Amino acid sequence: MNQKADAVESGKRAEEQIAVHGFQQVLEMLRIADPAFRESLLRRLAARDIQLAKTLRSDLAALEL
């Protein structure tokens, strides 16, 4: 393979290694995130999927109790 093909293949492997597995893992990442960053992510998510954003907010609130 040439260098460009090697770089593309290497990038694909790196992306596969960073996969997020499950709703619970996303909740945990949001729980420990900086509050301003978390809010920014949730606002942007709500623009695309309001129900998912509401569910995440609700579950995050339950974790903080």
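What counts and how
Residues numbered from 1 in each chain as written. Predicted model: local features only at pLDDT ≥ 70, side-chain atom pairs only at ≥ 80, totals over all residues. Heavy atoms only, no water. Helix = DSSP H or I, 4+ residues; strand = E, 2+ residues; numbered from the N terminus. Buried < 20%, exposed > 50% of the residue type's maximum accessible area, 1.4 Å probe, protein only. Lys, Arg positive; Asp, Glu negative; His and termini not counted. Salt bridge = Lys/Arg side-chain N within 4 Å of Asp/Glu carboxyl O. Contact = heavy atoms within 4.5 Å. Core = buried A, V, L, I, M, F, W, Y, C linked by side-chain atoms within 4.5 Å.

K.L.:
A description of the side chain of Arg-38 should follow, citing residues and the corresponding values.
P.N.:
Note on placement: Arg-38 falls in helix H3 (residues 35–48). One buried charged side chain, Arg-38, makes no salt bridge at all; its nearest oppositely charged neighbour is Glu-64, positioned 4.5 Å away. Those residues in contact with Arg-38, other than ones at most four positions away along the chain, are Leu-30, Arg-31, Ala-33 and Leu-60.

K.L.:
For the nonpolar core, give the residues involved together with the corresponding values.
P.N.:
Grouped together as the largest cluster of nonpolar side chains are 5 residues: Leu-27, Leu-30, Leu-42, Leu-56 and Leu-60. Contributions of two or more residues to this core are made by helix H2 (23–32) and helix H4 (50–64).

K.L.:
Quick one: what's the story with the pattern of salt bridges, residue by residue and with numbers?
P.N.:
Within the structure shown, the criterion is met by 3 salt bridges. Between Arg-43 and Glu-39 there is a salt bridge, with its nearest N and O atoms 3.9 Å apart. Taken as a pair, Arg-43 and Glu-39 lie in helix H3 at a separation of 4 residues, close to a single helical turn. Taking the relative accessible area as the measure of exposure, Arg-43 reaches 52% and is therefore exposed. Taking the shortest distance from any N to any O, the salt bridge between Arg-57 and Glu-39 comes out at 2.7 Å.

Read these as geometric descriptors, not functional statements.
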